[in-house]
Amino acid sequence: MASNSLLGTAKTAKKDEFYTQWADIEREMNAYLEYDPDAFRDKTILLPCDDPEWSNFTKFFALHFAEYGLKKLVSTSYAPNSNAGGVFYEPTLFELDDPDYDAEKSMERGRVFTLTREDVSGNGRVDIDDLRWEYLEGDGDFRSPEVTALRNDADMVITNGPFSLFREFIVWLAKANVQFSIIGNMNAITYREVFPLIQENRLWLGPTISSGDREFRVPESYPLSAAGFRVDDDGKKYIRVKGVRWFTNIEHGRRHEPLPLMDMADNLKFNKKLIDKLEGHPTYFRYDNYDALEIPYTSAIPSDYEGIMGVPITWLDKYSPEQFEILGRGEDIEWARSNECSFFTPTTPELQALYRKRDKTWRIQNQYVLDDEGHAHTIYKRIFIRHRNPAPKES
C-alpha cells in the first residue's frame, strides 16, 4: 500500500492532482443526507478546485442537482500554467464547443463553471448539459480575490483541495461563514491551524472514512513508485493513499453516537491486547511527565475514569462532543497548566540527555512513560481528553 509519504511527495513536487473516486463522494454526501434530508436544499455549493472534465465532484453534484434541491453549483479550475494547475489539463467539451474558447487564455487563466435552476439546454431537466463556463481574470487559485468572492457568496464548499496547501485551505475556509467537507490527511488533526477548530467544535471528521486507504486517480505523468498503484485498461493511473479523512462542519449522525466503553477493571480483565500493549502490566500506565493516563488505543478508554487521558489521534473517528471534552494536544504544555493537569519536566540533566540520545525528535513536552528498567519510551501523538459524565465506579 502507498504510505503517507505520497502526500509529502505532493507537497514537495506540487503534484496536487489527486482525483477523488465517485463512490467515496457518494458515501459521504449520503451520510449527511441521512442525518438531514434537506442538508443541500436551496444551497449554493462551491467546488473551488474542480475542473469538470476530471472532477467527480462537479459531475456528482450536477447529476444530483435537482434531487438535492440545489440553488446553484459553481466549480472553478486552475490554469495549467499556475503553480497549482498543470499537467492534467485538456480543454473540456464545454470549452471546445464554445465560440469564446481561446487556447492561449486557457493556459493562463482559470475557469468558472456554473449550473443554476435554468434549463439552458431545453431538454426538460437541469443537469450537466446546462453547465456554462467563462474565464476567470486570474489563474483560479482559491486564495485569489475572485475565488474568495465566490466562497463568500456560497453556502457550502466541498472538494478535494491541494494537499500541499491544506493548512492554508483550512484557514481560508475558517474565515468564511460556510459549511464545508474536504479531504485531507489524518495527521492534519494536530496542525496548529486545524486542532483549535476541532477543539471548539467548528470542525470534525466525516463519518465514512475511518480506516484503511483510499484510491485516487492521478495524471499520466505522475511517478508511480509506491506499491499501491494500478493502471486500468484505459491507461488511467491510480494510487492508494493511507490515512485519508473527510474534514467537515456538516452535521452527521455518527458525531452524536456515544462510544461504547468498559470500566477500567473489565478492560484489563478481558482485553489481552491492552495487557500486551502495556508490557504485561495489569494496570494502565500514567505518563511520567503528565498527570494523565496513557490510553494506547480507542477501545481501551475506561468508562469510569474521572481524570485526564491521552488518546491516539484516531480517537477522533469516534468522538462525540456530548461524551468527551477535548483539552489539548500533546505538543502543547499550556493546556495542561490551565486544565488541572500537572506537567513535570525531567528531574535531571542526565535523564534529559538520555531521552535526546534515544530520540532526536524528543522535546520536554513529549509525553513519555518509563519502563521497569527506567528507560524512557516516548508516546506517539496524543490528544488529551476527559469524560463529561464518567460512569460511577463499582463499589
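In case you missed it, the structure is sitting above this.
Computed from a predicted model, the values in this text were never measured in an experiment.

A. Just helix α2 (residues 22-35), in detail. Compared with an ideal rise of 1.5 Å per residue, which puts 14 residues at 20 Å, α2 spans 21 Å between its outermost C-alpha atoms and is within 8% of the ideal. Buried within α2 we find Asp24, Ile25, Glu28, Met29, Ala31, Tyr32 and Leu33.

B. A look at the environment of threonine 148. Counting through the fold element by element, threonine 148 comes out in helix α7 (residues 145-153). Spatially, the C-alpha atoms of threonine 148 and tryptophan 172 are 8.3 Å apart, while their sequence positions differ by 24 residues. Look past the residues within four positions of threonine 148 in its chain and what remains in contact with it is Phe142, Arg143 and Trp172.

C. A look at the side chain of glutamate 331. Structurally, the position occupied by glutamate 331 is in the loop between β15 (324-329) and α12 (334-337). One buried charged residue, glutamate 331, remains without a salt bridge, the closest side chain of opposite sign being arginine 329 at 4.3 Å. Not counting chain neighbours up to four residues away, the residues in contact with glutamate 331 comprise Thr190, Arg363, Gln365 and Lys381.

D. View of α7. What α7 keeps buried is the set Val147, Thr148 and Arg151. Down the axis of α7, the sector holding all buried residues measures 100°, keeping them to one side. The exposed set on the far side of α7, more than 90 degrees from its buried face, consists of Pro145 and Asp153. On its buried side, α7 packs onto β2 (44-47), β3 (72-77), β6 (156-159) and α8 (166-174).

E. Region of interest: the sheet that holds β6. An order of β5-β4-β3-β2-β6-β7-β12-β8 is seen for the eight strands of this open sheet, with the pairing classed as mixed. The two strands at the open ends of the sheet, each matched to only one other strand, are β5 (132-135) and β8 (204-205). Relative to β3, β2 runs parallel, the two sharing four bridges. If you follow isoleucine 45 over to β3, its bridge partner there is leucine 73. Those strands touched by α2 are β6, β7 (179-185) and β12 (244-248), and its axis lies near 35° from that of β12.

F. How the structure looks around the side chain of aspartate 141. Mapped onto the elements, aspartate 141 comes out in the loop between β5 and α7. Residue class for aspartate 141 comes out buried when judged on its relative accessible area of 14%. Within the local environment of aspartate 141, its side chain forms a polar contact with the side chain of arginine 143, the two groups lying 2.6 Å apart. Apart from residues lying up to four places away in sequence, aspartate 141 is in contact with Tyr78 and Val147.

G. Focus on the environment of lysine 381. Along the chain, lysine 381 turns up in the loop between β17 (376-378) and β18 (382-387). For lysine 381, the contacting residues outside a window of four places in its chain are Thr190, Val311, Pro312, Ile313, Glu331 and Gln367. At 3.4 Å, the side chain of lysine 381 and the side chain of threonine 190 are in polar contact.

H. Local environment of the nonpolar core. Grouped together as the largest cluster of nonpolar side chains are 67 residues, with contacts concentrated most on Tyr290, Trp315 and Ile383. The element contributing the most residues to this core is α8, with five residues. Excluding its chain neighbours within four sequence positions, the residues that come into contact with tryptophan 315 are Thr298, Ile301, Phe324, Ile326, Ile383 and Ile385.

I. Quick look at the packing of aromatic side chains. Per the counting criterion, the structure on display carries 20 aromatic pairs. Each ring, one from tryptophan 22 and one from phenylalanine 60, has its centre 5.3 Å from the other, and the planes form 70°; the classification is edge-to-face. Of the two residues, tryptophan 22 is situated in helix α2 and phenylalanine 60 in helix α3 (residues 56-63); the sequence distance between them amounts to 38 residues. Arranged with centres 4.8 Å apart and planes meeting at 85°, the rings of phenylalanine 142 and phenylalanine 169 form a pair that is edge-to-face. Of this pair, phenylalanine 142 sits in the loop between β5 and α7 while phenylalanine 169 sits in helix α8, placing them 27 residues apart in sequence. Accessibility classification places phenylalanine 142 together with phenylalanine 169 in one group, the buried group. An aromatic cluster of three or more residues is present, and its members are Trp22, Phe40, Phe60, Phe61 and Tyr68.

J. Representation of the pairing of β2. Alternating positions in β2 separate into two faces, Thr44 and Leu46 on one and Ile45 and Leu47 on the other, with burial throughout. Of the strand pairs in this sheet, β2 and β6 are connected by two bridges, and their pairing is parallel. In the strand pairing of β6, isoleucine 45 is matched with methionine 156.

K. Focus on the pattern of salt bridges. The final tally for this structure, using the stated rule, is 16 salt bridges. Note that aspartate 42 and arginine 117 form a salt bridge whose closest N and O atoms lie 2.7 Å from each other. With aspartate 42 in the loop between α2 and β2 and arginine 117 in the loop between β4 (111-115) and β5, this residue pair connects regions lying 75 residues apart in the sequence. One salt bridge in this structure joins glutamate 294 and arginine 382, with 2.9 Å as the shortest N-O distance. In this pair, glutamate 294 sits in strand β13 (residues 293-294) while arginine 382 sits in strand β18, placing the two residues 88 residues apart along the sequence. For glutamate 294, a relative accessible area of 5% gives the class buried. Classification of arginine 382 as buried rests on a relative accessible area of 6%. What emerges from the salt-bridge pattern is a single network uniting Asp141, Arg143 and Glu168.

The rules we used
- Going along each chain's sequence as written, the residues are numbered from 1 onward.
- Since the coordinates come from a predicted model, pLDDT governs what is reported: local features require at least 70, and pairs of side-chain atoms require 80 or more to be given and counted, while whole-chain, interface and lining totals use all residues.
- In computing side-chain properties, one takes all heavy atoms of the structure into account and sets aside hydrogens as well as water.
- By definition, any uninterrupted DSSP run of H or I lasting at least four residues is a helix, any uninterrupted run of E lasting at least two residues is a strand, and each is numbered from the N terminus.
- Under the convention used throughout, the expected extent of a helix is 1.5 Å for every residue step, that is, one less than its residue count.
- Accessibility here uses a 1.4 Å probe with only protein chains present; expressed as a share of the type maximum, an area under 20% marks a residue as buried, one over 50% as exposed, and anything in between as partly exposed.
- Only heavy atoms matter for contacts: two residues are in contact if any of them lie within 4.5 Å across the pair.
- When charges are counted, neither His nor the chain ends are considered; positive counts come from Lys and Arg and negative counts from Asp and Glu.
- Whenever a carboxyl oxygen of Asp or Glu lies within 4 Å of a side-chain nitrogen of Lys or Arg, that contact is scored as a salt bridge.
- This arc describes the spread of directions from the helix axis toward the C-beta atoms.
- A pair of strands is labelled paired if DSSP reports no fewer than 2 bridges between them.
- For helices, the axis comes from a line fit to the C-alpha atoms of the stretch in contact; other axes are also lines fit to C-alpha atoms, and the angle between any two N-to-C directions lies between 0 and 180 degrees.
- Throughout this description, a polar contact denotes any pair of N or O atoms lying within 3.5 Å of each other; where both atoms belong to protein, one of them has to be capable of donating a hydrogen while the other can accept it, and for residues adjacent in sequence the pair is counted only when both atoms sit in side chains.
- Definition of nonpolar core: a set of buried residues of the types Ala, Val, Leu, Ile, Met, Phe, Trp, Tyr and Cys, connected through side-chain atoms within 4.5 Å.
- The rule is short: rings of Phe, Tyr and Trp, with Trp giving its six-membered ring, pair when the centres are within 6.5 Å, and they are stacked under 30 degrees, edge-to-face over 60, tilted in between.

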